[in-house]
Amino acid sequence: MSRLPGAPVRAILPLFFLSGAGALIYQVSWTRQLGLLLGTTVQTAAAVTGIFMAGLGLGAWAGGAWADRRQTGSLRAYGHIELAVAGWGLALALLLPSLSLEASWRLGADGWLWPADLGRRILLTCALIGPPSALMGATVSLLSRHLLSGHVTATGWRMGVLMGSNTAGAAVGALACDLWLVPAVGVLGTQCVAVGLGLAAGITAMLLPDVASKPAPAIGRPPLRFALSIGLSGVAAMGLEVVWFRFIASALGSFRAALSMTLAVVLIGLWLGALLAGLLARTTHRPALLLAGGQIAMAVLALAAFVVFTPADVLTAQLTLPPLAANLSLAARLVLPAAVAMGMAFPLAAAAVQGPESHLGRRTGALFAAGSAGNLLGALGTGFVLLPLVGMQGALLVLACAAILAAAAAVPPRRWWILLPGGVAAVLFAGLPDGRILAASFPAGRLAAEGVLAVSEGAEQTVVVTGSAAGPARLWTSGHPMSSTTPHAQRYMRFMAHLPLLLHPAPRRALVICYGVGNTTHAVSLHPSVSAIDVADLSPEVLRHAGWFAHASHDVLSDPRVQVYVDDGRRVLGSGGPGYDLITLEPPPIAYAGVSALYSRELYARIASRLSPGGYVSQWVPGYQVPAAAVLSLVRAFVEVFPDAVLFVADRQEMVLIGRAGGMGTVDPRRLQEHIDSRPAVGADLAAIDLPDAAALTARFAGADLQEATLGVPPVTDDDPILEHAQHSQVTQTRLPPSLFDVTRITTWCPTCPVPDADYRAESFLRFSNRPD
């Protein structure tokens with residue numbers, strides 16, 4: 001029986017732990033940075049994931065072949081590769097923030113990306129992260145070669161502890177990256193930490209003694225069926241991760257903390273599974289049977305976890321536990337059992353294909369490449385094919401069947417009985433009512449109470465429309481009530497278009513970032529001088545469901561003045577063209593992952609560059625969604641670009657920031673009323689939302705001199721996305737920052753407006769509810 005490696009090999013495990021932590025930090029950071037550069041779209045995320053996985057697979061295969069040819073020096077080669085990855089990582093950390101290529105890339109006439117443009121995204125992503133991903137993949141084969149030399153019969157145990165150390169490092173990296181590092185040192189500093197980990201691993205490896213290969217007889221099985229098994233297992237595993245994250249984003253919200261905690265739980269499960277596989281392989285010597293059993297366990301446990309999960313579980317955890325603990329407990333309940341079974345696959349497959357020591361690297365590399373290819377197919381196939389075609393529930397069934405097929409490929413002769421539990425579980429799951437899993441990801445009772453009009457599970461998100469086709473109706477995206485046609489929603493959404501357009505003497509062009517249900521876009525269309533309205537929205541599913549809200553939007557997307565761009569608003573702003581007289585922003589929940597990019601100082605600077613002289617920007621500020629300190633940081637980012645911006649409370653707690661190219665200046669209520677009277681459709685729309693005249697509009701003033709109110713507050717930036725780390729769950733207990741509100745300063749913006757009593761400020765603007773209509 002093999003024992004744990006001696007001193008030189010014991011030192012390898014901490015090295016691979018550091019490699020795992022650094023690799024995960026790189027992947028998360030690159031996804032963030034490339035999202036800013038290429039657009040925070042599902043295509044960008046798929047390109048990063050696909051190229052990363054492909055690079056790992058190709059690197060593992062090439063590294064294994066190289067190690068077998070050399071038969072010595074694997075550890076030293078690993079050290080050189082870690083240093084190379086660290087150098088590449090540092091270069092990307094410094095280069096990516098300075099790249100700005102959008103202006104040279106065109107958008108199609110129908111608003112969709114040109115194929116050539118999508119091709120450029122993929123090619124650029126390949127050039128930037130393909131080489132380091134391949135180098136990371138090579139480290140698996142190189143360290144496996146070193147670790148197994150002279151110990152081929154202990155492959156299962158040694159591969160278990162090796163892969164376990166790597167995934168344990170990745171789990172620590174997942175938690176550290178989003179929960180501690182980025183909030184503390186920013187995205188650039190976080191990448192520098194990963195560089196430091198790589199340097200430490202590389203330098204240490206080069207100081208350790210290397211091991212030469214010792215020839216050994218062939219004692220293994222043909223690897224082809226195990227490569228097929230590990231490939232199918234990779235399809236099921238990565239596909240399940242896609243479904244897990246879709247479900248968690250809906251049930252818990254797309255908070256960085258929830259997503260990072262889920263990723264960490266997956267990696268912890270893989271770590272525990274790898275160690276368990278090593279122990280079982282060491283004691284039973286039946287790797288093929290264990291591999292098949294592990295795949296069946298993964299299928300059964302994944303299906304069972306979804307069946308027993310209810311919305312009440314989410315509510316109970318969020319009301320009884322701190323936010324991070326609630327996220328951890330819910331993610332562990334849903335993910336951990338299947339992830340442990342998932343982590344058993346690679347060590348057991350490696351033990352099953354053990355063969356001549358002269359081919360150790362090739363076999364390990366080929367096996368890892370097969371798994372990476374399966375991961376790639378599972379991620380892309382689930383996200384772009386299964387979810388849009390059959391939804392989460394159907395995707396889970398297909399992925400469970402893939403795991404059962406993986407077991408069938410590995411199961412030894414006369415052991416087919418081990419497949420029966422998987423088949424029974426799949427049949428029972430197939431009998432669930434349609435929509436059972438989707439309903440479990442939504443707040444308890446909300447869908448049934450409001451009535452479901454339409455459901456669409458697409459590549460970007462899950463869209464649900466509830467209410468009445470005659471109105472009001474509500475738009476849900478991935479479990480969150482994104483927008484609606486209730487009087488409350490219409491009031492603040494239309495306000496943020498009408499007021500700046502009425503302040504402008506002759507607005508011609510407008511850009512609406514985030515379409516929602518069309519309230520803001522329709523308000524813009526009512527101004528007769530507006531001749532061009534561009535709309536940017538990431539979600540084709542949202543746009544396809546626009547017809548359900550025609551009672552409020554009046555089918556504004558069919559207006560010939562409207563041009564829709566299905567893309568990131570930042571990219572549309574960077575694509576060139578004439579300036580805008582109004583740019584409105586109404587992004588999703590401001591604490592969600594990636595949304596900080598639409599509230600950052602860099603974004604506002606880009607907006608300023610696209611405004612025509614005297615053009616306005618109008619930004620929705622739902623300050624009740626994050627703590628007061630984060631609201632101040634958001635406002636600080638805005639006023640560093642638009643120094644004399646004015647704050648309004650359009651309705652209840654819905655705040656709106658308005659800035660102007662060249663300065664806000666002052667408003668004359670009489671001139672404002674003249675503009676209303678000269679635009680009858682606008683006047684009628686204002687009356688419908690109970691803002692019938694200039695006096696009602698100016699009365700929404702909440703504060704000015706916002707630079708003074710946010711003095712010393714760090715702004716939201718691309719490198720320091722404060723909003724993403726300010727809130728960890730949907731349960732909020734925050735109050736708006738009092739320093740922003742001073743209605744007595746209205747005369748700085750409207751000299752002839754009446755000055756409200758200061759007590760009115762405290763009564764009207766500091767009380768708010770967390771449950772808007």
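Residues numbered from 1 in each chain as written. Predicted model: local features only at pLDDT ≥ 70, side-chain atom pairs only at ≥ 80, totals over all residues. Heavy atoms only, no water.

J.: Explain the overall build of the chain here, please?
T.: Scanning the chain for helices and strands turns up 28 helices and 12 strands. The 773 residues of the chain split such that 62% are buried. In the chain, 81% of the contacts between residues at least 6 apart in sequence involve partners at least 24 apart. For the chain, the exposed surface amounts to about 27400 Å²; the carbon and sulfur share of it is 65%. (Helix = DSSP H or I, 4+ residues; strand = E, 2+ residues; numbered from the N terminus. Buried < 20%, exposed > 50% of the residue type's maximum accessible area, 1.4 Å probe, protein only. Contact = heavy atoms within 4.5 Å. Areas by Shrake-Rupley, 256 points an atom, 1.4 Å probe, with all protein chains shown as cover.)

J.: In this structure, what is going on with the packing of helix α9 (residues 287-308) against helix α11 (residues 323-343)? I would like to understand it.
T.: Between α9 and α11, the shortest axis-to-axis distance is 8 Å and the interhelical angle comes to 175°. Between α9 and α11, the crossing angle belongs to the class labelled roughly antiparallel. Across the interface between the two elements, Gly294, Ala297, Met298, Leu301, Ala302, Ala305, Phe306 and Val308 of α9 pack against Arg333, Leu334, Pro337, Ala338, Ala341 and Met342 of α11. Along the lines of polarity and charge, the residues of the contact of α9 with α11 split into 12 nonpolar, 1 polar and 1 charged. (Axes fitted to C-alpha atoms, helices over the stretch in contact; angles between N-to-C directions. Parallel < 35°, antiparallel > 145°, perpendicular 65-115°, else oblique. Nonpolar A, V, L, I, M, F, W, Y, C, P; charged D, E, K, R; others polar.)

J.: Can you walk me through the packing of α9 against helix α14 (residues 420-430) in this structure?
T.: The relative placement of two packed helices comes down to the angle between their axes together with the axis-to-axis distance. Interhelical geometry of α9 versus α14 gives an angle of 25° and a closest axis separation of 9 Å. For the element pair α9 / α14, the angle class is roughly parallel. In the crossing of α9 with α14, the sense of the turn from one axis to the other is left-handed. Across the interface between the two elements, Ile296, Val300, Leu303 and Val307 of α9 pack against Pro421, Gly422, Ala425, Ala426 and Phe429 of α14. Its residues assigned to classes, the contact of α9 with α14 shows 8 nonpolar, 1 polar and no charged. (Left-handed = near helix turned anticlockwise from the far one by under 90°.)

J.: I'm lost on the state of the cysteines in this one. Help?
T.: Each disulfide is one covalent bond, formed between the sulfur atoms of two cysteines. Going through the model one piece at a time under the given rule, you end up with 1 disulfide. Here cysteine 750 connects covalently by a disulfide to cysteine 753, the sulfurs 1.9 Å from one another. With the S-S dihedral at roughly 70°, the linkage between cysteine 750 and cysteine 753 falls on the right-handed side. The pair formed by cysteine 750 and cysteine 753 is uniform in burial state, with each residue classed as buried. (Disulfide = S-S within 2.5 Å.)

J.: Sorry, what's going on with the sheet that holds strand β6 (residues 532-536) here?
T.: Strand pairing in a sheet relies on backbone hydrogen bonds. The paired strands run either parallel or antiparallel. Taken together, the 8 strands give an open sheet; going across it, the order is β7-β6-β5-β8-β9-β11-β10-β12, and neighbouring strands pair in mixed fashion. At either end of the open sheet lies a strand with only one pairing partner, and these are β7 (562-565) and β12 (701-703). Pairs of neighbouring strands in the sheet enclose a mean axial angle of 20°, with direction left out of account. Two strands pair when backbone bridges link them, and strand β9 (residues 611-621) and strand β11 (residues 654-660) are joined in this way by 6 bridges, in the antiparallel orientation. The partner of tyrosine 616 across the bridge, within β11, is arginine 660. Contacts from helix α17 (residues 487-503) reach β8 (580-585), β9, β10 (646-651) and β11 within the one sheet, and its direction differs from that of β10 by about 140°. On the sheet, helix α22 (residues 601-610) packs against β8 and β9 and is oriented at approximately 145° with respect to β9. (Pairing = 2+ DSSP bridges.)

J.: Can you walk me through the side chain of glutamate 724 in this structure?
T.: Mapped onto the elements, glutamate 724 comes out in the loop between α27 (706-709) and α28 (758-765). Engagement of the side chain of glutamate 724 in a polar contact is seen with the side chain of arginine 32, the distance being 3.1 Å. (Polar contact = N/O pair within 3.5 Å; in protein donor to acceptor, adjacent residues only side chain to side chain.)

J.: Where do I start with the pattern of salt bridges in this structure?
T.: A side chain of one charge can pair with a side chain of the opposite charge if their charged atoms are brought near each other. This model, assessed by the stated rule, comprises 19 salt bridges. Of the charged contacts, one joins aspartate 559 and arginine 561 as a salt bridge, the two residues approaching to 2.8 Å between their closest N and O atoms. Measuring nitrogen to oxygen at the nearest pair gives 3.3 Å for the salt bridge that ties glutamate 640 to arginine 636. For glutamate 640, a relative accessible area of 34% translates into the label partly exposed. Residue arginine 636 is classed as buried on the basis of its relative accessible area, which comes to 13%. When salt bridges with common partners are traced through the structure, they connect Arg32, Asp178, Arg256 and Glu724 into a single cluster. (Salt bridge = Lys/Arg side-chain N within 4 Å of Asp/Glu carboxyl O.)

J.: I keep staring at the packing of aromatic side chains and nothing clicks. Help me out?
T.: Centre-to-centre distance and the angle between the planes together describe a pair of aromatic rings. Overall, the coordinates contain 14 aromatic pairs when judged by the stated rule. With 6.5 Å between their ring centres and 65° between their planes, tryptophan 30 and phenylalanine 52 make a pair best called edge-to-face. Of this pair, tryptophan 30 sits in helix α2 (residues 12-38) while phenylalanine 52 sits in helix α3 (residues 42-70), and the two are 22 residues apart along the sequence. With a centroid separation of 4.9 Å and 75° between ring planes, the pair formed by tyrosine 604 and phenylalanine 638 is classed as edge-to-face. Separated by 34 residues along the polypeptide, tyrosine 604 in helix α22 and phenylalanine 638 in helix α23 (residues 628-639) bring together distant segments of the chain. Of the two residues, tyrosine 604 and phenylalanine 638, neither departs from the other in class, the shared state being buried. (Phe/Tyr/Trp six-rings, centres within 6.5 Å; stacked < 30°, edge-to-face > 60°.)

J.: Which parts of the structure should I look at to understand a nonpolar patch on the surface?
T.: A cluster of nonpolar side chains, namely Leu380, Phe384, Val385, Leu389 and Val390, defines an oily patch on the protein surface of about 430 Å² accessible area. You can call leucine 389 exposed: its relative accessible area is 68%. (Patch = residues over 30% accessible without salt bridge, like charges linked within 9 Å, V, L, I, M, F, W, Y side chains within 5 Å.)

J.: Explain the pairing of strand β3 (residues 473-477) here, please?
T.: Every regular strand shows the same layout, with side chains that alternate between the two sheet faces. Of all 5 residues that make up β3, 5 are buried, and the element is covered over most of its length. Every second residue of β3 is oriented toward a common face, with Ala473, Leu475 and Thr477 on one face and Arg474 and Trp476 on the other, all of them buried. Counted along the chain from strand β2 (residues 462-467) to the antiparallel partner β3, the turn is 5 residues long, and its residue glycine 471 has a positive phi close to 95°. Bridging between β3 and strand β4 (residues 480-484) involves 4 bridges; their strand directions are antiparallel. Each residue of the ladder has a partner; that of threonine 477, found in β4, is histidine 480. Count of turn residues in the β3/β4 antiparallel hairpin: 2 residues, of which serine 478 carries a positive phi of about 50°.

J.: What am I meant to see in the nonpolar core here?
T.: A general tendency of soluble globular proteins is for nonpolar side chains to be buried together. If you look at the biggest cluster of nonpolar residues, it comprises 246 residues, and the most contacted ones within it are Ile607 and Trp749. Looking at which element gives the most residues to this core, the answer is helix α6 (residues 155-207), with 19 residues. In this structure, tryptophan 749 is in contact with Leu503, Val646, Phe648, Met664, Gly665, Thr666, Val667, Thr698 and Phe701, ignoring residues within four places of it in sequence. Counting residues in each nonpolar core, the second largest holds 8 residues, with Ala454, Leu475, Val517 and Val542 among its members. (Core = buried A, V, L, I, M, F, W, Y, C linked by side-chain atoms within 4.5 Å.)

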